[in-house]
Amino acid sequence: MEYRNIKSKERQSFSCGPKRRLRQEKRQVQINVGLMVPHGCDLKPVRGRTLPLFTDPEIAAPELLKLAVQKMRVFYKDMDEGPYVLLYPDCSEVVHVPGTERPFTLAEYKKEIGKTYCRISLFICIEKHFREDDVGSESDSDSDSEIVITTRSRAEFSQADTVVFKPQNQSTPKNKPKDEVDESGNPSTTNPGQIAISDSEDNLDPPGCSLAKSTCYSRYTDLYAPCVEEEEDEPVPVNVESIPDTTMENADLTLLDIIANLSHPIDRGRVSRFNISRSNVWDGAIRGFKRATYSETCDMLVKFTDDTGAFEDGIDAGGPRREFLTLLMNQLRDRPIFDGPPGRRFLVYNANAVREDEYYLAGKMIAVSVVHGGPGPHFLSEDFVRYLAAQSSFKATIDLVTDEEIGKALREIESAASVEALQECTLRHSTMLQTAGCLRHTSTLEGKRTIVSDYLRWYILDRNSSVIGRFKEGLSALNFLTALQQYPTLLAPVLFHSEEKLTALKLERLFKPDLSPSGSNRRLREGQTLGYWADYLLDCEEGQAAVRVEDLFMFVTGLTSLPPSGLEPVPKIEFLDLPFPMANTCTNTLKLPLLDSYNVFKSRMDYGIQNSPGFGCL
């Protein structure tokens, strides 16, 4: 018992540390935001316009409204200017936590309704529409307001009262007067759907009867209200627990942390098999991804069928898997679903690819490659990636357009020197501009930039919106798209083209030599070979060798660049008394030959790397 008390005091003295507290303080959660528009005399959510929104749980209503409007405008360019108001699902304005006088915060609202954050839905609505419908005045109270019972003598004071439920079958008196008159001689102002009783009838029921009926009905609505869906589209909850609870700007968060969290669902005890021929990598990849038993949450077992000698499996340390994913990203770059200059490509509609569902497969391939330890595509346009990451910036230039006639027309518009020349140019290309919805009268020369920018956005994004949507569904595998939208600063560079390349210095620092004991004769030869190795790296970088730095890295690891998930195990160098180099891609090991001169070393390295039939084994 004494031991238990001591251990209890020790646990109480433990501290979670400043980094842990910082992550808790900066934790973000996901909710859903939608759009409400007038529908008859009510407001109704717009079908298909519900988006996920990541935010601080302690956010107040005004800040949440700004984030929601910004999110909707990023995805829907037809949004009105506003101003907007933030609404609960019952169309009441978000000011206080329902049923209390406490100012709204997301955390307090979640605690009050007892739902998880990903099940919370709020809506924005144009303030003019909200005020016209006068929804807020009836939705702020917790009492039952669906059935309004008024007396005839007081009916004129409640003309704004409305009824949600209207009986479909109503009996009509045979001799109904045009204008009903109450007992006092005044015209009745009871609205249709209201139940009007006389003052004398108010006292017929026992005291408290009306209250009892209201309480019963309130209990009924309280019991069944949670079962009523407030939107026609059921929001799909996202497993936000698999994403680190930190903000995008958290300096402690790294790309390796994000990829590591995304890879948690992968079951290393189960495998999805891929039989790949290097002469046709794409065909084998399609068969593997379309196999009925395939799952992105299983590990990958890759077998190259065109290797000479024994086949090697790629599940232990992932050498063949990394090589396969590298070759796959190279094949994907040249598929007809992409258009644009090299390194700045974007999706384009292709009817045959739509039939084969290639856009979905392409998105899934990219997500699987990044999370399973392979490379990113590194060939997508930065504007296209920013759009996928739900960012509003769009700075595309005309050189992205591969159609010569369209590019020439846009350059003519962009180079117009006067308003008259601009108007004449737009008239000449009116058919092209009208197709994109960009044909407009311009009275200033500044309008040419807007025309070109709008056309480029239509050319790259809007005209391909259907296939982009399917591509995003594939990219959602393993929650990769969710992470991309939450951490665009870290994850976006994985997808678009980067000028950063492998260098001789990086490889020299990356590979750790396994040396013999100091003072031995073999240690002297190994030291000399390390000097040859450093010079050979410089020759590869400067183009003085038969292979490039990327080819050498591919020979050892199966990759042409450092993967987003990091490289495990750490690459190392061993030494052999053999004439040619060898490599083991599963353990990232390069075995250098011990030779007497640099020229011989260089020629043997060139020959060995260029002629290795499989995984670097000559």
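Our structure is the block above this text.
Residues numbered from 1 in each chain as written. Predicted model: local features only at pLDDT ≥ 70, side-chain atom pairs only at ≥ 80, totals over all residues. Heavy atoms only, no water.

Let us now look at the sheet that holds strand E12 (residues 512-513). Pairing is mixed in the open sheet, where four strands are placed in the order E12-E13-E15-E14. Both outer strands of the open sheet, E12 and strand E14 (582-584), are each paired with one neighbouring strand and no more. Here helix H23 (residues 549-557) sits on the sheet in contact with E14 and strand E15 (589-593), set at roughly 60 degrees to E14. (Pairing = 2+ DSSP bridges. Helix = DSSP H or I, 4+ residues; strand = E, 2+ residues; numbered from the N terminus. Contact = heavy atoms within 4.5 Å. Axes fitted to C-alpha atoms, helices over the stretch in contact; angles between N-to-C directions.)

The tally for this structure, following the rule as stated, stands at 17 aromatic pairs. Ring centres 5.2 Å apart and planes at 65 degrees place the aromatic pair Phe 274 and Phe 289 in the edge-to-face group. In this pair, Phe 274 is assigned in strand E8 (residues 267-276) and Phe 289 in helix H9 (residues 281-290), connecting sequence segments 15 residues apart. Here the two residues Phe 274 and Phe 289 agree in accessibility, since each one is buried. Aromatic side chains Phe 346 and Tyr 459 sit 6.2 Å apart centroid to centroid with 70 degrees between the ring planes, which places their arrangement in the edge-to-face category. On the criterion of sequence distance, the pair formed by Phe 346 in strand E11 (residues 346-347) and Tyr 459 in helix H17 (residues 447-460) is long-range, its members being 113 residues apart. For Phe 346, a relative accessible area of 0% translates into the label buried. Residue classification places Tyr 459 among the buried residues on the basis of a relative accessible area of 5%. Connected via pairs of aromatic rings, a cluster forms that spans Phe 274, Phe 289, Tyr 294 and Phe 324. Looking at Arg 463, its charged tip hangs above the ring of Trp 458, at a distance of 6.0 Å from the centre. Residue placement shows Arg 604 over the ring face of Phe 580; its charged tip is 5.4 Å from the ring centre. (Phe/Tyr/Trp six-rings, centres within 6.5 Å; stacked < 30°, edge-to-face > 60°. Buried < 20%, exposed > 50% of the residue type's maximum accessible area, 1.4 Å probe, protein only. Lys NZ or Arg CZ within 6 Å of the ring centre and 35° of its normal.)

Turning our eyes to something else, we now look at the nonpolar core. Counting residues in each nonpolar core, the largest one holds 82 residues, and the members touching the most others are Phe 324 and Tyr 455. If one sorts the elements of this core by residue count, helix H12 (residues 358-371) sits on top with nine residues. Residues in contact with Phe 324, not counting those within four places in the same chain, are Phe 274, Ile 276, Val 281, Ala 285, Met 300, Val 302 and Phe 304. Counting 31 residues, the second largest nonpolar core, distinct from the first, contains Leu 35, Leu 65, Met 72 and Ala 390. (Core = buried A, V, L, I, M, F, W, Y, C linked by side-chain atoms within 4.5 Å.)

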